[in-house]
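Notes for the structure review
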There are 6 protein chains.
Amino acid sequence: MTQQFARLPDLILEPMVRAALMEDLGQNGDITTRAVIPASATYQARLNAREAGVVSGMQIARIAFHLVDAGLKVETLLDDGSTCAKGDTLMTIEGSAASILSAERVALNFAGRLTGIATLTAGFVAQTAGTNTRITCTRKTTPGLRIAEKQAVLHGGGYNHRFGLSDAILIKDNHIAAAGGIKAVLTAAKACASHMMKVEIEVDTLEQLEEVIATGGADVVLLDNMDTATLTQAVAMARGHVVTEASGNMKLERIAEVAATGVDYISSGALTHSARTLDLGLDF
Amino acid sequence: MTQQFARLPDLILEPMVRAALMEDLGQNGDITTRAVIPASATYQARLNAREAGVVSGMQIARIAFHLVDAGLKVETLLDDGSTCAKGDTLMTIEGSAASILSAERVALNFAGRLTGIATLTAGFVAQTAGTNTRITCTRKTTPGLRIAEKQAVLHGGGYNHRFGLSDAILIKDNHIAAAGGIKAVLTAAKACASHMMKVEIEVDTLEQLEEVIATGGADVVLLDNMDTATLTQAVAMARGHVVTEASGNMKLERIAEVAATGVDYISSGALTHSARTLDLGLDF
Amino acid sequence: MTQQFARLPDLILEPMVRAALMEDLGQNGDITTRAVIPASATYQARLNAREAGVVSGMQIARIAFHLVDAGLKVETLLDDGSTCAKGDTLMTIEGSAASILSAERVALNFAGRLTGIATLTAGFVAQTAGTNTRITCTRKTTPGLRIAEKQAVLHGGGYNHRFGLSDAILIKDNHIAAAGGIKAVLTAAKACASHMMKVEIEVDTLEQLEEVIATGGADVVLLDNMDTATLTQAVAMARGHVVTEASGNMKLERIAEVAATGVDYISSGALTHSARTLDLGLDF
Amino acid sequence: MTQQFARLPDLILEPMVRAALMEDLGQNGDITTRAVIPASATYQARLNAREAGVVSGMQIARIAFHLVDAGLKVETLLDDGSTCAKGDTLMTIEGSAASILSAERVALNFAGRLTGIATLTAGFVAQTAGTNTRITCTRKTTPGLRIAEKQAVLHGGGYNHRFGLSDAILIKDNHIAAAGGIKAVLTAAKACASHMMKVEIEVDTLEQLEEVIATGGADVVLLDNMDTATLTQAVAMARGHVVTEASGNMKLERIAEVAATGVDYISSGALTHSARTLDLGLDF
Amino acid sequence: MTQQFARLPDLILEPMVRAALMEDLGQNGDITTRAVIPASATYQARLNAREAGVVSGMQIARIAFHLVDAGLKVETLLDDGSTCAKGDTLMTIEGSAASILSAERVALNFAGRLTGIATLTAGFVAQTAGTNTRITCTRKTTPGLRIAEKQAVLHGGGYNHRFGLSDAILIKDNHIAAAGGIKAVLTAAKACASHMMKVEIEVDTLEQLEEVIATGGADVVLLDNMDTATLTQAVAMARGHVVTEASGNMKLERIAEVAATGVDYISSGALTHSARTLDLGLDF
Amino acid sequence: MTQQFARLPDLILEPMVRAALMEDLGQNGDITTRAVIPASATYQARLNAREAGVVSGMQIARIAFHLVDAGLKVETLLDDGSTCAKGDTLMTIEGSAASILSAERVALNFAGRLTGIATLTAGFVAQTAGTNTRITCTRKTTPGLRIAEKQAVLHGGGYNHRFGLSDAILIKDNHIAAAGGIKAVLTAAKACASHMMKVEIEVDTLEQLEEVIATGGADVVLLDNMDTATLTQAVAMARGHVVTEASGNMKLERIAEVAATGVDYISSGALTHSARTLDLGLDF
């Protein structure tokens, strides 16, 4: 079983959920519910999975229900990171019918998207079985939702790449060109980088990789858009010198083959930008 | 050609873009670029389409580049709502290389996602050719990005459903059950609704539709999860009484058939929650 | 008795109340109270009406007291929408004297203004007795307080017009002129408007009304600044075609006469921009 | 001519104006204008007074137009604090018709309300002609608009009382009671108050005033709800000892009589909570 | 014992603490703790003084722990304003180990800095023993932390000068020069200032002081950068006319001598900008 | 010469400066300046160093002046990171006297504090001359000002440690204890940490250091509170295995001796929490 980071404090996620609720409620709130649901009506609602997957977004869904009505009784049956089968109940919500209906769409929009990401990640991870290769996401996340989507990748058994531009150095082809080559760029990066910042550099060819190793200059090398044969060579060259990450059009059907090269990490933007929303629903 | 709403004032979109930039830049900004790109370096960058589609997100991309550096010269060649071919340049950006690199990912994350939505919407719209049926989105949007995604639907030739819970009444099955039936729920809704609020009600059967028409009570009826034969009947019954909207698992391959029933609107959550990100890139 | 929208979630109103408290408390809080009121002092305070009216702002007053001190015990005796007589107690607040004094002015500023609006609205509504005419407000609200003032109109038995520029289309004379006439403007509006947006158009003359009806193009027609005889004709012409709204200098003393024309709605900016603050006070 | 505080930096007013615009524009902006006004249409608009008064809100109106469209050319003809006659043009705005229409209502809502306050204040001030009595407002302002309304009082020739609970000490009857009498409360206040905080105390009777003077303890005394004869006596007693402020139901028609007592300040909550909105309009 | 202002409502301090927590937690929270601390682990932690001083920041520390985890049990043993000895426990915190570790640094950063300010202030105050001279701070506070630092000055037995530019008038040399001399500047200030605003003026010489007294124009005079002999003369001249404040390089070792002149206030920017952080630590 | 990170985009710093200005300006702005400075008055102001040091805060000072008045002409003569002598002019500001006076204190409060930090850091760095030891800060920064203070450390020639809890793993004694020892804690950390996160662990003894090296488990080891002899041994043991950081009471007078041990980094909280504000002033 994968070791997991423990849950984030609600403090971090709450502003995102609050903003989503305000976006949906508008100035005048849920006018349908306000017009037709008796104030005394109560529900016992179940958030159910209409298909199998890996759960994410339950912490956020709970925050959403409680921001609308702190009096709702919310119980999470399958926590973030759990596997769910079709028909499983992930969460139960009891209390004011009006409150539950007003928060429903926001809770489902988050949970469906995040469960989709966790499920897709788990599919990638499954393809690495029997290897030490880890699956990781990128910065190709939905604007405003990065922390939630990065959490969903963890829930699916993946690892997180940089959270943003400021927590590690990742030198890409444009940086190399502008700085005057691999040696120059690594020298500049190392002069600035502190001992707490990782430095990764992207290479497209084995020659570039050789130069990186020769300069002794990076924590991680990103092997970009290489075919499997080249990747295999690159991994062999890098072993003992630098951690390897394969990137570039890493489709699900190719993961097993790439993992077999022994590469340390496979990164995929698709995990966050192209995951299919999982079908979840609220039943009363 | 479709009549389009004119562009939103930047004022409305700016907070969303600013938040996304802060999320990506973190406290310490783009440390790679700050370490290795000379302050005097400049770029002429082109935002290019790597596949064909319908453009959206150009206004947002422009705002992103200008928030990072008001001195960048940004020119939009293919504005939101335009069709683009593979290889087309959508926008050119000139100025500080460091500024362009620091804003690049946020601009692309927005533009790729929104162009994906516009393109998928245009695909739906194309299936309605020769009919009066209109394609519309739902509230199944990405939390925090609703206005941008709704705009993208317009750019693709679609129409917008409610922007949130407060701008129109949409009575669903739970509301009907809680209020004591169709007649009761419509009476309650009409007692509250002003002359500036539309009222829509969801029906699953022709019997329910008949009851709605008999009470004379809604502006729009949502025909949920009906097969095409039933839809055809429903549209005939509703004609002259109430605007019709077909909903429920409206996949691209079924749209032409559904449009042929004469239904006024087809709504699909997939337009916003399941559009594939279009492949856009910044070339220097 | 009027059917009413149920209460908004506190989530929507809280930011407005919090901002008002911060405005009044300043950086250093209630320095008078902090200097002279013993920390252990407690009060049993009553929010009393010093004149008769229709109550509004009680939900907001409760939020204000609880934001300053969640330990205060607040009980609402006459809820928003109730009628109060001079001397009636609307709310009781028990607990820390310092907390009650610190929140007092903000609670009263909201409640006095909102009760004033509800009371004035109820005065307008009373003039429509025996007719089907409804009273509605406009967008002439206090900047920043729109939702609270629109709620107060509901509490007084009125209806709400648009909440803002984005929830319905209202075509005014300038729009007609710029777009090239009534037919052109309605064609453009309908091409953009979805099935969930109402379209209203302002007319000044019976000729304009006739043109609107002939084009079959609006949900509502705003009859602007007409004398009662003209209004009567207009209402007759519009019946069965379009909902009617009379507007323009609708003073209290003219409401009964206008309602007698059978117009569907009478709108008045004065409800929100010129209501007299009702005299409420906190007694200890 | 009254000496005036110079204009505030826009920085302070902008958040209030921005919030009001967002409230009015909603997520989807001015859909009417976006649907029917050609993007190329331009206006030369004039903000005109439809009745005479004292101008306020021009700085705010300018900020509103510029937040919606920095390209608008805005010229203020009659600045805040000027007197205007019926028909006078206060401001001209040139540029995109769509931008002007989108900002119009917010600009007018602010300017109408603030000009109303300035005008009412000027009416009070006029009643004090030939005396040294100054007119001042209170904290009975519209929640969220305090700084704008206090500015409007200045524009009308009045003075500002406290901006909030933290910038001066004002001891009211409840404070006196809770602290154990006038002497005790003044002792406590003086022990806390620094040399930069004024201390005012409310008295209802001449006996209380005598006690205040005897303790030598306040900068200002608020003479609450006294008839004119009593006020005259109070002012005589206080002269040379403490600044005097008359308060409590200070209606316009009584101001001249009260000013004749020689009182230093007359304060009135009505200036801000009950001013009539002045009729301003935008003409094209 | 010094009379103290009672505690501020948490409402005022919470945004500052929340912002500091977000700054420290980042998007991904305390990843060390999330990786290695079992979710079920609990602590009994003590916030201890590692040196003697005067306590401040306990209210803020409590808010910090509770924002991260409302379930933590926080007990303040030595409240703000208390004296502590080396080794004293100021606060105990019980509950989730992960929560306590995540909030620890922010709580300590605030408390260490504020206790440092309170302690330094108390040192100044001790030098005034046997006189009526009061110690006061300035506006030379840490940007964003003014209210917290001003509170710490109170906790140390000092007084607060202005909270900002808007709560009192303080005329400095540049103002005098620009306005055309002392008489002109005081006339202008008095024409604007209301009865609730104090007016202070800075003088550098006895001649200037004489002119201020002659015009009868200020509540307080700031005696800037005078030697003790001159200060003594100035205080004598000012007695009965105007409150005196000595300022300019007021080091701890000079305070007793300055206080002996009989000056009413001594102000020092060093209290807030140069206080040494007190050594506090969290022990488990 | 030290390689430096290039300047941050203003976007990142602006909210901090805006908040500081709002804190100082209050609701009513700079009332002294508004009362007495003629609107037409202009200044040529110079921001001068009254003592020698290393400059920081010039970017922030410029933002402050421009937020108050975009029309001010601000020229930076000695940019952040420069050395200044007593009397040097760092920046010139020309334009409205009122605007300059209103922004002065905030600009100076930032610049004085940050220049103090840069200067103190440079003092530490000077002690490491002739070695490869680098000076680094900690998370003991002023709440809310972390990015500005971390920048100031860079300007002084130092390096930055973690920006917050989420950008690298730092295992302290409490983590070791709670996780069950060094091996267990490093195993848990490595299971969670991605390839882009550094892992540092604190050790107090050579035995602990040996265990860390034996497990092969960290990027950096923090040698806490060791005497110089022990440090020397530790550095020798760690060479080739793990980067070393010396911490714990690192006073200026001890830096040269510690650097002579060959340790890679020396970290000091004093750089940010105990730097003396440098004396800067605005001259007109």
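Residues numbered from 1 in each chain as written. Chains lettered and ligands numbered in written order. Predicted model: local features only at pLDDT ≥ 70, side-chain atom pairs only at ≥ 80, totals over all residues. Heavy atoms only, no water.

**With respect to the overall build of chain A**
Per the secondary structure count, chain A includes 11 helices and 12 strands. Projected onto its principal axes, the C-alpha positions of chain A cover 75 × 35 × 25 Å. Taking all 284 residues of chain A together, 62% fall into the buried category. Of the contacts made within chain A by residues no fewer than 6 positions apart, 69% connect residues no fewer than 24 positions apart. For chain A, the accessible area works out to roughly 9,500 Å², and carbon and sulfur atoms hold 49% of it. (Helix = DSSP H or I, 4+ residues; strand = E, 2+ residues; numbered from the N terminus. Buried < 20%, exposed > 50% of the residue type's maximum accessible area, 1.4 Å probe, protein only. Contact = heavy atoms within 4.5 Å. Areas by Shrake-Rupley, 256 points an atom, 1.4 Å probe, with all protein chains shown as cover.)

**What to know about the relation of the copies chain E and chain F**
The transform that puts chain E on chain F rotates by 180° and translates by 0.0 Å along the axis, for an RMSD of 0.0 Å. With respect to symmetry, the two chain copies, as superposed, fit the operation of a two-fold axis. Identified as the residue of chain E closest to the rotation axis by C-alpha distance is Gly144 of chain E, at 3.5 Å. A high fraction, 100%, of the interface residues of chain E reappear at the interface in chain F, so the copies pair face to face through one surface. (Least-squares fit on C-alpha atoms with pLDDT ≥ 70 in both.)

**Topic: the interface of chain A and chain B**
Taken together, the 56 residues of chain A in the interface contact 56 residues of chain B. Contact between chain A and chain B buries roughly 4,400 Å² in total, counting both sides, with carbon and sulfur atoms accounting for 58%. In terms of surface lost to chain B, no three residues of chain A exceed Glu23, Pro143 and Leu165 of chain A, which account for 15% of the buried area on that side. Where chain A packs against chain B, one counts four salt bridges. (Buried area = accessible area lost by both parts, 1.4 Å probe. Salt bridge = Lys/Arg side-chain N within 4 Å of Asp/Glu carboxyl O.)

**With respect to the sheet that holds strand 10 (residues 243-247) of chain A**
Residue and element names in this part refer to chain A. Taken in spatial order, the six strands make up an open sheet running 6-11-10-9-8-7, and their pairing is parallel. Edge positions in the sheet fall to strand 6 (134-136) and strand 7 (169-171), since each of these pairs with one other strand and no more. Across the sheet, the mean angle from the axis of one strand to that of its neighbour is 25°, orientation sign disregarded. Pairing geometry for strand 10 and strand 11 (residues 265-267), over two bridges, is parallel. (Pairing = 2+ DSSP bridges. Axes fitted to C-alpha atoms, helices over the stretch in contact; angles between N-to-C directions.)

**Some words on the environment of Leu231 of chain E**
Relative to the helices and strands, Leu231 of chain E is located in helix 9 (residues 228-238). In the structure, Leu231 of chain E is positioned 179 residues away from Ala52 of chain E in sequence and 34 Å away in space, judged by C-alpha atoms.

**Focus on the interface of chain E and chain F**
The interface of chain E with chain F comprises 56 residues on the first partner and 56 residues on the second. Carbon and sulfur atoms make up 58% of the surface buried where chain E meets chain F, a total of about 4,400 Å² over both sides. Three residues, Glu23, Pro143 and Leu165 of chain E, lead the burial of chain E against chain F; their summed loss comes to 15% of the area buried on that side. At the junction of chain E with chain F, the criterion picks out four salt bridges. Put simply, Arg146 of chain F and Asp24 of chain E hold a salt bridge, and the shortest N to O gap is 2.5 Å. Contributing elements (two or more residues each) for the side of chain E that touches chain F: helix 1 (10-25), helix 2 (31-36), helix 4 (97-126), helix 5 (146-155), strand 7 (169-171), helix 6 (173-179), helix 7 (182-192) and helix 11 (270-273) of chain E.

**Some details on the packing of helix 7 (residues 182-192) of chain C against helix 8 (residues 206-215) of chain C**
All names here are of chain C. Here helix 7 crosses helix 8 at 40°, and the two axes come no closer than 10 Å. As the angle between them shows, helix 7 and helix 8 are arranged oblique. In this structure, helix 7 crosses over helix 8, and the sense of that crossing is right-handed. Counting all contacts with helix 7, which are made through Ile182, Lys183, Leu186 and Lys190, the residues of helix 8 involved are Gln208, Glu211, Val212 and Thr215. The residue makeup of the contact of helix 7 with helix 8, split by class, is three nonpolar, two polar and three charged. (Parallel < 35°, antiparallel > 145°, perpendicular 65-115°, else oblique. Left-handed = near helix turned anticlockwise from the far one by under 90°. Nonpolar A, V, L, I, M, F, W, Y, C, P; charged D, E, K, R; others polar.)

**A look at the domain arrangement of chain A**
Residues and elements named next belong to chain A. Splitting chain A by domain gives domain 1 (10-121 + 276-283) and domain 2 (126-273). For domain 1 and domain 2, the distance between their C-alpha centres works out to 35 Å. If you look at the interface, domain 1 gives 15 residues, while domain 2 gives 15 residues. Carbon and sulfur atoms supply 72% of the area that domain 1 and domain 2 bury against each other, a total of about 1,300 Å² over both sides. At the surface where domain 1 touches domain 2, the tally comes to zero salt bridges. For the pair domain 1 and domain 2, the interface holds one residue pair in polar contact (both at pLDDT 80 or more). (Domains from an automatic or database assignment. Polar contact = N/O pair within 3.5 Å; in protein donor to acceptor, adjacent residues only side chain to side chain.)

**Looking at the packing of aromatic side chains**
Residue and element names in this part refer to chain C. With the rule as written, the count across this model stands at 12 aromatic pairs over all chains. Relative to Tyr265, the ring of Tyr159 lies with its centre 6.2 Å away and its plane at 90°, an arrangement referred to as edge-to-face. You can see Tyr159 sitting in the loop between helix 5 (146-155) and strand 7 (169-171) and its partner Tyr265 sitting in strand 11 (residues 265-267), a full 106 residues away along the chain. In this arrangement the basic side chain of Lys150 is found over the ring face of Phe163, its NZ or CZ atom lying 5.3 Å from the centre. (Phe/Tyr/Trp six-rings, centres within 6.5 Å; stacked < 30°, edge-to-face > 60°. Lys NZ or Arg CZ within 6 Å of the ring centre and 35° of its normal.)

**Considerations on the relation of the copies chain A and chain B**
After a rotation of 180° and a shift along the axis of 0.0 Å, chain A superposes on chain B with an RMSD of 0.0 Å. Here 100% of the contact residues of chain A are again contact residues in chain B; the copies associate through an equivalent surface.

**What to know about the pairing of strand 10 (residues 243-247) of chain D**
All names here are of chain D. Counted residue by residue, strand 10 has four buried out of five residues, so it is predominantly covered. Of the strand pairs in this sheet, strand 9 (residues 220-224) and strand 10 are connected by five bridges, and their pairing is parallel. The partner of Leu223 across the bridge, within strand 10, is Ala246. Between the parallel elements strand 9 and strand 10, the chain passes through helix 9 (residues 228-238) in a crossover that is right-handed. (Right-handed = clockwise from strand over helix to strand, strands pointing away.)

**Some remarks on the sheet that holds strand 8 (residues 199-203) of chain F**
Strand pairing in a sheet relies on backbone hydrogen bonds, with the paired strands running either antiparallel or parallel. Residues and elements named next belong to chain F. Taking strand neighbours across the sheet as the criterion, the six strands line up as 6-11-10-9-8-7 in an open arrangement whose pairing is parallel. A strand with exactly one partner marks an edge of an open sheet, and here the two such strands are strand 6 (134-136) and strand 7 (169-171). Each neighbouring strand pair of the sheet contributes to a mean axis angle of 25°, computed without reference to strand direction. Where helix 8 (residues 206-215) meets the sheet, it contacts strand 8 and strand 9 (220-224), and its direction lies at approximately 155° from that of strand 8.

**Considerations on helix 8 (residues 206-215) of chain A**
All names here are of chain A. For helix 8, the set of buried residues is Leu206, Leu209 and Val212. Projected down its long axis, helix 8 carries its buried residues within an arc of 115°, all on one side. Within helix 8, the exposed residues directed more than 90 degrees away from the buried face are Glu207, Glu210 and Ala214. In this structure, the buried residues of helix 8 make contact with helix 7 (182-192), strand 8 (199-203), strand 9 (220-224) and helix 9 (228-238). Immediately downstream of helix 8, the backbone of Gly216 shows phi near 65°, a positive value. (Arc of directions from axis to C-beta.)

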